[in-house]
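Survey of secondary and tertiary structure
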Amino acid sequence: MRTATLSSIKRVVSVFILRTSSNTDEAQVALFRRCSQMPTFGGHWAAISGSIETHDVSPLAAAVREVGEETNLGEFLGDYEHLLMSGLHVDVARDKSKGTFGGRMIRVYPFALTLPQDSLSKIAMRGTEHDKMKFMTISDFLGMDFQCVPSLKRAFHHATSGKYLDLPQEIRDWEQDRVNGASYLARTAVDLAAAYTQNEDPLACELSTAQSIAILRPSMVPIVNAMNEFDRRITHYGYDKIGQVRNALLKSLTDEANRCVELGYELVMSMNKSKASSSEFVIGTFSRSSTLKSILQRVIESSSSDDAASKVRVVCSQSTPGDEGMLMANDISPASCIPDDEFQQQIVGGKIDVVIVGADCVLSEGSVVNKIGTAELASVCNNAAVPILSSADRWKLWPDAYCPPLEVIFELIPSDFFDHVLVPKDAEER
């Protein structure tokens, strides 16, 4: 997977302000015309936007600041940070001969801010960046042909997580899958991208099928990385090579998952053998992961035939909301599933020897994105001195300085909450 170097990127935020029309149920979006004196894209229509400054701790902080500087929302909404929903960033290539950014790529971090019903008529412009504001219906905005800043419509779709895209039902059904893990969904995403890319016109398409899929599940980084790589390879090799690109990506996803399984298996077996004097080695797990299934099934099989290892028993936490732990217990033979509070009690009571969880994303500094409830579980393990491991393959490495958008079922867990974050080294050249 190839990405732009961090120093070659100019980072900006773009905030789309949405409201429901007082006359119809159709949503509207606010557009702002940039003043002609602006150093970039003067006279172009845009959302609320601006650079991420050195004092901004995150894109969200920059978005809050820009909205406060360019509108009056803070005057009647007070704290509006909770109204901002983030989407997957958009990279916009720059012509080195133009603009003020020295030819650097622009990375746009898009947000959607939906106004409460009682504030629909109160919004006004502030500052000197814009000379006109207007609300348009979403359909009119997406169909407009007047001047706007580069990739504005694409950024809107990213900000709204693809809500207004016209996508095949098969892709929408895939989007709703809340029981399978990121590695499994990344492989099915490759199949979907290959199937539906064949029917699109690349010259008339601002947002490719692969990118449309990626923005639906932005917290699951292997999906995003695989879709980015799918488009890169199609651009390089051509649309007549879609089948070969599909097969190569599926092989890479499988190979990297297998390397991850090997790493997790070796560590868990080592921990098992270090307690060989015990009659039983109990492994706890949380949520559902095809990678963890493979690790645990292999540990169970090896331990049953290895005299140096204790017999293995797997206990799955129910993993509410969603109850994926029940499905995980059905995936593994033998395994049991117990309620989350009872699972934590068993950890505190010393009845579980190690806990292993998956990951949907690993940031460069080691923090992990996983199912909500993981941070609480890790804290319980830390207090009880029970090792907790997170296992991830290299497709889950996030190549940006900031955390990806977090869907409501995910959270960010600091790396020091885990005893080990297991990621294979020496990645293959994808």
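These lines cover the structure that appears in this document, whether it is placed above or below.

**Regarding the overall build of the chain**
Across its full length, the chain holds 13 helices and 17 strands. Since a compact globule built from 430 residues should have a radius of gyration of about 22 Å, the 24 Å found for the chain is in line with a globular shape. Overall, the chain is about 80 × 50 × 40 Å in size when its C-alpha atoms are taken along their principal axes. Within the chain, the proportion of its 430 residues that are buried is 54%.

**Some words on the pairing of strand 2 (residues 27-34)**
Burial analysis of strand 2 places seven of its eight residues in the buried class, which makes it a mostly covered element. Summarising the sheet, strand 1 (residues 9-20) and strand 2 pair through three bridges and their orientation is antiparallel. Each bridged residue has a counterpart across the sheet, and for Thr 20 the counterpart in strand 2 is Ala 27. Both strand 2 and strand 8 (residues 130-137) contribute to a ladder of seven bridges, which runs antiparallel. Residue pairing across strands places Phe 32 opposite Met 133, the latter belonging to strand 8. Two elements, strand 2 and strand 3 (residues 45-46), share two bridges in a ladder whose sense is antiparallel. By the bridge assignment, Phe 32 is partnered in strand 3 with Ala 46.

**Digging into the pattern of salt bridges**
Proximity of charged atoms lets side chains of opposite charge pair with each other. Applying the stated rule across the entire model yields 20 salt bridges. In this structure, the salt-bridge partner of Arg 172 is Glu 175, at a minimum N-O distance of 3.0 Å. You can see Arg 172 and its partner Glu 175 sitting in helix 5 (residues 169-175), three residues apart, about one turn around the helix. The burial state of Arg 172 is the same as that of Glu 175; both residues are buried.

**Points about the packing of helix 6 (residues 182-197) against helix 8 (residues 221-237)**
Running from N to C, helix 6 and helix 8 cross one another at 30°; their axes reach a closest spacing of 8 Å. On the basis of the axis angle, helix 6 is roughly parallel to helix 8. Here the hand of the crossing between helix 6 and helix 8 comes out right-handed. Along the contact surface, helix 6 presents Ala 182, Leu 185, Ala 186, Ala 189, Val 190, Ala 193, Ala 194 and Thr 197, while helix 8 presents Pro 222, Ile 223, Ala 226, Met 227 and Phe 230. For the contact of helix 6 with helix 8, the class distribution of residues is twelve nonpolar, one polar and no charged.

**Here we look at the packing of helix 6 against helix 9 (residues 242-273)**
One way to put it is that helix 6 packs onto helix 9 with a least axis distance of 10 Å and a crossing angle of 175°. Accordingly, the angle class assigned to the pair helix 6 and helix 9 is roughly antiparallel. Here helix 6 contributes Ala 186, Arg 187, Val 190, Asp 191, Ala 194 and Thr 197 to the contact with helix 9, which in turn contributes Ile 242, Arg 246, Leu 249, Leu 250, Leu 253 and Thr 254. Taken together, the residues of the contact of helix 6 with helix 9 sort by class into seven nonpolar, two polar and three charged.

**Regarding the packing of aromatic side chains**
All chains considered together, the criterion is met by five aromatic pairs. Between Phe 16 and Phe 156 the ring centres are 5.6 Å apart and the planes differ by 75°, which places this aromatic pair in the edge-to-face class. Here Phe 16 is found in strand 1, whereas its partner Phe 156 is found in helix 4 (residues 152-159), with 140 residues between them in sequence. Looking at Phe 16, the relative accessible area reads 0%, which means it is buried. When its relative accessible area of 0% is taken as the criterion, Phe 156 is described as buried. Following the ring pairs from residue to residue traces out a cluster consisting of Phe 16, Phe 141, Phe 156 and Tyr 164. The ring of Trp 45 is capped by Lys 134, whose NZ or CZ atom sits 4.6 Å from the centre of that ring. If you follow Arg 298 out to its NZ or CZ, it ends over the ring of Tyr 265, 3.9 Å from the centre.

**A closer look at the state of the cysteines**
This model, assessed by the stated rule, comprises zero disulfides. Cys 361 forms no disulfide, and the closest cysteine sulfur to it belongs to Cys 403, at a distance of 5.9 Å. The exposure class assigned to Cys 361 is buried, which follows from its relative accessible area of 0%.

**What to know about the sheet that holds strand 16 (residues 410-413)**
One open sheet holds the three strands; their spatial order is 13-14-16, and the pairing between them is antiparallel. This sheet does not close on itself; its edge strands, each paired only once, are strand 13 (361-362) and strand 16.

**Some details on the nonpolar core**
The biggest cluster of nonpolar side chains holds 39 residues, and the ones touching the most others in it are Trp 174, Val 190, Ile 213, Ile 223, Met 227, Phe 230 and Trp 398. Looking at this core, the elements with two or more residues in it are helix 5, helix 6, helix 7 (209-214), helix 8 and helix 9. The greatest single-element share of this core, amounting to eight residues, is contributed by helix 6.

**As for helix 4**
Where burial is concerned, most of helix 4 is hidden: eight out of the eight residues are buried. Taken residue by residue, helix 4 has Leu 152, Lys 153, Arg 154, Ala 155, Phe 156, His 157, His 158 and Ala 159 as its buried positions. Just beyond helix 4, the residue with positive phi is Ser 161, at close to 50°.

So, how was this worked out
- Residues numbered from 1 in each chain as written.
- Predicted model: local features only at pLDDT ≥ 70, side-chain atom pairs only at ≥ 80, totals over all residues.
- Heavy atoms only, no water.
- Helix = DSSP H or I, 4+ residues; strand = E, 2+ residues; numbered from the N terminus.
- Rg over C-alpha atoms; globule rule 2.2 N^0.38 Å.
- Buried < 20%, exposed > 50% of the residue type's maximum accessible area, 1.4 Å probe, protein only.
- Pairing = 2+ DSSP bridges.
- Salt bridge = Lys/Arg side-chain N within 4 Å of Asp/Glu carboxyl O.
- Axes fitted to C-alpha atoms, helices over the stretch in contact; angles between N-to-C directions.
- Parallel < 35°, antiparallel > 145°, perpendicular 65-115°, else oblique.
- Left-handed = near helix turned anticlockwise from the far one by under 90°.
- Contact = heavy atoms within 4.5 Å.
- Nonpolar A, V, L, I, M, F, W, Y, C, P; charged D, E, K, R; others polar.
- Phe/Tyr/Trp six-rings, centres within 6.5 Å; stacked < 30°, edge-to-face > 60°.
- Lys NZ or Arg CZ within 6 Å of the ring centre and 35° of its normal.
- Disulfide = S-S within 2.5 Å.
- Core = buried A, V, L, I, M, F, W, Y, C linked by side-chain atoms within 4.5 Å.

Remember, this is a structural readout, not a statement about activity or role.
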